[in-house]
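# Examination of the molecular architecture
If you want the building blocks of each chain, they are given just below.
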Amino acid sequence: RDKNADCPVRFTYTAMHGVGYEFVRHAFKAFDFLEPIPVVKPDPDFPTVKYPNPEEGEGALKLAMETADKNGSKVILANDPDADRLAIAERTENGWRVFTGNEIGAFLGWWCWTSWRQKNPNVNLSDVYMMASTVSSKILQAIAQYEGFNFVETLTGFKWMGNIGDGLLKEGKHVLFAFEEAIGYMCGSTVLDKDGVTTAAVVAELVNHLYSNQGSLSQQLEVIYKRILNPHFQYPTKCGAFEILHVRDLTVGYDSEEEDKKPVLPTSKSSQMITFKFSNGCVATLRTSGTEPKIKYYTELCTDPKKNLSYDEVKAQLQDIVKDIVSNFYNQKLFPKILARQ
């Protein structure tokens, strides 16, 4: 927060003739930002906009863009008249870019996760949650799979996300963020509903962080997509009935168990080898043969000694895993003969 007073960006704000400005002004003051540049005053006749809805995009933000340009402002924040939703536009080399609700959900989800995790490095991620409505982008699900926390899909409407969030909080869980594509956002769990005022202040902190490091919202969105929306998050989390904790793919150079997601072992694009580590202690490696037209797999199961399983019980469990690997990871119509070494 001590860096917010030195934010390199001056924000332009429009409430669409609604009630938001005074509340956003107070929120900015609480966050130590300079007051945003106002565009219009409250007016129930909405004289400057045909549809007082920032979801309409550039047409609804024309006056805000003109105001921002006159003041050298690079970011516009726009609440709808009752200030429970937020639209964002950014000045780029190609003109003004109005972000979609799903795009805002992407970089806000990333920011809520990043800033929270920095302050809570040791919290068990099984207790951490984000949510989005079923009609919204599944970017939060992708981030959750990549980082290791939980994602919950809900029906449309914040009554669902708010109630589910309330239940999770009562169970001692951490609810970081929720959104729906109609520019509705819940940053944190102080307000269990969509809240354009809180979100405006959180976005300002995100913008300050990015621009202070020679970045922008548009650039960060590309970073998120390249990092998250790639084959990494598509790896399976289960094989039949068995849970997969970690994946190491030496073909593309990815290891979910390493902090930087890069494997210690050498990577080779010319040979295919992938290792799955299961929650019950099983390690299974699948690879192509270097000399024959075969795909092989190697499995080993080391169970927790505290469970006192007999040799026969461990062997039976390993056989079940192998059956699931064959049925889920191999197309037996294409590969009818499989060489297995256990």
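Within an unreviewed UniProt entry, the label attached to the protein reads Alpha-D-phosphohexomutase C-terminal domain-containing protein, and the organism entered is Elysia chlorotica.

## Considering the nonpolar core
Core analysis: the biggest nonpolar cluster contains 93 residues, and Phe 11, Leu 77, Ile 88, Phe 107, Phe 177 and Phe 278 have the highest contact counts within it. Counting residues per element, this core draws most heavily on helix H6 (residues 196–212), which supplies 10 residues. In this structure Ile 88 touches Val 75, Ile 76, Leu 77, Arg 97, Val 98, Phe 99, Ile 104, Phe 107, Val 203 and Leu 217, once residues within four positions along its chain are discounted. Counting residues in each nonpolar core, the second largest holds 9 residues, with Tyr 129, Leu 168, Val 175 and Met 186 among its members.

## Considerations on the sheet that holds strand S2 (residues 37–38)
By definition, the strands of a sheet pair up through backbone hydrogen bonds, in either a parallel or an antiparallel sense. In spatial order, the strands read S2-S1-S3-S4-S5; together these 5 strands make up an open sheet with mixed pairing. Looking at strand neighbours, the two that pair on one side only are S2 and strand S5 (95–98), the edges of this open sheet. Looking at chain direction, strand S4 (residues 86–92) and S5 are connected through 4 bridges and run antiparallel. Bridging from a neighbouring strand, Glu 90 pairs with Arg 97 of S5. Those strands touched by helix H3 (residues 101–119) are S4 and S5, and its axis lies near 85 degrees from that of S4.

## Regarding the pattern of salt bridges
All told, the structure shown has 11 salt bridges when counted by the stated rule. The salt bridge involving Arg 97 is made with Glu 103; its shortest N-O contact spans 3.0 Å. Of the charged contacts in the structure, one is a salt bridge between Asp 166 and Lys 170, with a shortest N-O distance of 3.1 Å. In this pair, Asp 166 and Lys 170 are both assigned in helix H5 (residues 158–170), 4 residues apart and thus about one turn of the helix distant. Several salt bridges converge on common partners, so that one network encompasses Glu 22, Arg 25 and Glu 35.

## Some thoughts on unusual backbone geometry
One non-glycine residue with positive phi stands out, namely His 17, at about 65 degrees. As for its placement among the helices and strands, His 17 is situated in the loop between strand S1 (11–14) and helix H1 (20–30). Since its relative accessible area comes to 7%, His 17 is described here as buried. The phi torsion at Gln 214 lies on the positive side, around 60 degrees, for a residue other than glycine. Here Gln 214 is to be found in the loop between H6 and helix H7 (217–228).

## A word on the domain arrangement of the protein
Accessible area lost upon the coming together of the parts is a frequently used measure of interface size. Domain assignment breaks the protein into domain 1 (11–99), domain 2 (103–194) and domain 3 (238–330). Taken over C-alpha atoms, the centre of domain 1 sits 52 Å from the centre of domain 3.

## So, the packing of H3 against H7
Where H3 meets H7, the axes come as close as 10 Å, and the angle between the chain directions of the two elements is 80 degrees. Taken together, the axes of H3 and H7 lie roughly perpendicular to each other. Touching Glu 103, Ala 106, Phe 107 and Trp 110 of H3 are Leu 217, Gln 220, Leu 221, Ile 224, Tyr 225 and Arg 227, all from H7. The residue inventory of the contact of H3 with H7, partitioned by class, reads 7 nonpolar, 1 polar and 2 charged.

## Thoughts on the packing of helix H4 (residues 139–147) against H7
At a minimum axis distance of 10 Å, the contact between H4 and H7 shows a crossing angle of 60 degrees. Considering their axes alone, H4 and H7 lie oblique with respect to each other. The hand of the H4/H7 crossing is left-handed. Here Ile 139, Ala 142, Ile 143, Tyr 146 and Glu 147 of H4 come into contact with H7, specifically with Ile 224, Tyr 225, Arg 227 and Ile 228. Its residues assigned to classes, the contact of H4 with H7 comprises 7 nonpolar, no polar and 2 charged.

Conventions adopted
- Along each chain, residue indices are assigned from 1 in the same order as the chain's sequence is written.
- It should be noted that, the model being predicted, local features are given only for residues of pLDDT at least 70 and side-chain atom pairs only at 80 or more, the latter also being counted only at that level, while totals for whole chains, interfaces and linings use all residues.
- To get the side-chain values, take all heavy atoms of the structure and skip hydrogens and water.
- In plain words, nonpolar cores are sets of buried Ala, Val, Leu, Ile, Met, Phe, Trp, Tyr and Cys residues tied together by side-chain atoms within 4.5 Å.
- Note on classification: 1.4 Å probe, protein chains only; a residue is buried when its accessible area is under 20% of the maximum for its type, exposed when over 50%, partly exposed between these limits.
- Secondary structure is summarised from DSSP: a helix means a run of H or I of at least four residues, a strand means a run of E of at least two, and numbering begins at the N terminus for each.
- Here, two residues are considered to be in contact whenever any of their heavy atoms come within 4.5 Å of each other.
- Here the rule is simple: two strands pair whenever DSSP picks up at least two bridges between them.
- To obtain an axis, a line is fitted to C-alpha atoms, over the contacting stretch when the element is a helix, and the angle between two such axes runs from 0 to 180 degrees between their N-to-C directions.
- Criterion for a salt bridge: a side-chain nitrogen of Lys or Arg within 4 Å of a carboxyl oxygen of Asp or Glu.
- An automatic or database domain assignment supplies the residue ranges for each domain.
- Relative orientations are named as follows: roughly parallel for angles under 35 degrees, roughly antiparallel for angles over 145 degrees, roughly perpendicular for angles from 65 to 115 degrees, and oblique for any other angle.
- Three residue categories are used. Nonpolar comprises Ala, Val, Leu, Ile, Met, Phe, Trp, Tyr, Cys and Pro, charged comprises Asp, Glu, Lys and Arg, and polar comprises the others, including Gly.
- Should the near helix be turned anticlockwise from the far one by less than a right angle, the crossing is termed left-handed; should it be turned clockwise, right-handed.

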